[in-house]
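# Descriptive analysis of the structure
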Amino acid sequence: NGSPTSHQFDTETDRFQTVIARDEDRMECPSCHEAFKLQKRRHHCRLCGDVFCHDCSQHKELLPLEGAQFANPVRLCDMCHADVEKGNYFSFRRYLTPLQLFGQPRTSTNKPPLIKSSHVTSALA
């Protein structure tokens, strides 16, 4: 049906693929809570798939994960980078973002309900 799920598999390789949040699902950075605008652009963390500002996702790491998307160093948010520094490549954040953004019923306009970043931050604390 084309709707996002909490995980996806590459059907040719059966490898886990990170679900990337859509830009329009985040009006502000879930880490610093600053609104996205022309001067504050969106960037995707390639481990959890969420959308962050540049300041909150400056890390680039080569991850020991299978799949073409991990063949070169990838952008990581501060929270995923902290997990990677501890050797944790499968943090809860990787599953939390798609569940929060896509795991709730759609509104009558067929858009996901807005998630307040404070809810994400408190859930991860």
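Right, let's walk through the structure included here. (Residues numbered from 1 in each chain as written. Predicted model: local features only at pLDDT ≥ 70, side-chain atom pairs only at ≥ 80, totals over all residues. Heavy atoms only, no water.)

### Some details on the overall build of the protein
To be explicit about the condition: Strands here mean DSSP runs of E at least two residues long; helices mean DSSP runs of H or I at least four residues long; both are numbered from the N terminus. Using a 1.4 Å probe on the protein chains alone, a residue whose accessible area is under 20% of its type maximum counts as buried, one over 50% counts as exposed, and one in between counts as partly exposed. It only takes one pair of heavy atoms within 4.5 Å for two residues to be counted as in contact. To be clear on the numbers: accessible area is Shrake-Rupley with a 1.4 Å probe, and residue cover counts the displayed protein chains and nothing else.
Scanning the protein from terminus to terminus reveals three helices and six strands. Reading the protein from its N end, one meets helices and strands in the order β-β-β-β-β-β-α-α-α. For the protein, buried positions account for 38% of its 125 residues. Taking as baseline every contact in the protein between residues at least 6 positions apart, the subset at least 24 positions apart corresponds to 49%. Roughly 7,500 Å² of accessible area belongs to the protein as shown, and the carbon and sulfur atoms make up 50% of that amount.

### Points about the environment of Met27
With respect to the helices, strands and loops of the structure, Met27 is situated in the loop between strand E2 (15-17) and strand E3 (43-44). For the pair Met27 and Val51, spaced 24 residues apart in the sequence, the C-alpha separation amounts to 9.3 Å. Non-local contacts of Met27, meaning those with residues more than four positions away in its chain, are made with Ala35, Phe36 and Arg42.

### Some words on helix H1 (residues 78-85)
Operational definition: To obtain the arc, one takes the directions from the helix axis to the C-beta atoms.
Cys80, His81, Asp83 and Val84 are the residues of H1 that are buried. Angularly, the buried residues of H1 cover 160 degrees about the axis, an arc narrow enough to put them on a single face. One or two positions beyond H1, positive phi appears at Gly87, with a value near 85 degrees.

### Quick look at the state of the cysteines
This is how the line gets drawn: Cysteine sulfur pairs qualify as disulfides if the two atoms are within 2.5 Å.
Following the criterion strictly, the structure yields zero disulfides and no others. Here Cys45 is not disulfide-linked; the sulfur of Cys48 is the nearest cysteine sulfur, at 3.7 Å. On the basis of relative accessible area, Cys45 is assigned to the buried category, the value being 0%. Classification of Cys48 as buried rests on a relative accessible area of 0%.

### Notes on the nonpolar core
How we decide: Throughout this description, the term nonpolar core refers to a set of buried Ala, Val, Leu, Ile, Met, Phe, Trp, Tyr and Cys residues connected via side-chain atoms within 4.5 Å.
If you look at the biggest cluster of nonpolar residues, it comprises 18 residues, and the most contacted ones within it are Cys45, Leu47, Phe52, Leu63 and Leu76. Of all the secondary-structure elements, those providing two or more residues to this core are strand E4 (51-52), strand E6 (74-76) and H1. Once residues within four sequence positions are removed from consideration, Leu76 is found in contact with Cys45, Leu47, Ser57, Gln58, His59, Glu61, Leu63, His81 and Val84.

### Brief notes about unusual backbone geometry
In this model, His33 sits at a positive phi of 70 degrees, which is unusual for a non-glycine residue. Residue placement: His33 occurs in the loop between E2 and E3.

### Concerning the environment of Phe52
As for its position among the elements, Phe52 is in strand E4. On a C-alpha basis, the gap between Phe52 and Phe36 in space is 8.9 Å, while along the polypeptide they are 16 residues apart.

### Some thoughts on the pattern of salt bridges
Opposite charge on two side chains permits them to pair, given that their charged atoms come into close proximity. Note the cut-off: The working definition used for a salt bridge is a side-chain nitrogen of Lys or Arg within 4 Å of a carboxyl oxygen of Asp or Glu.
The tally for this structure, following the rule as stated, stands at five salt bridges. One salt bridge connects Glu24 with Arg22, and the closest N-O pair in it is separated by 3.8 Å. Through salt bridges with shared partners, a single ionic network connects Arg22, Glu24 and Asp25.

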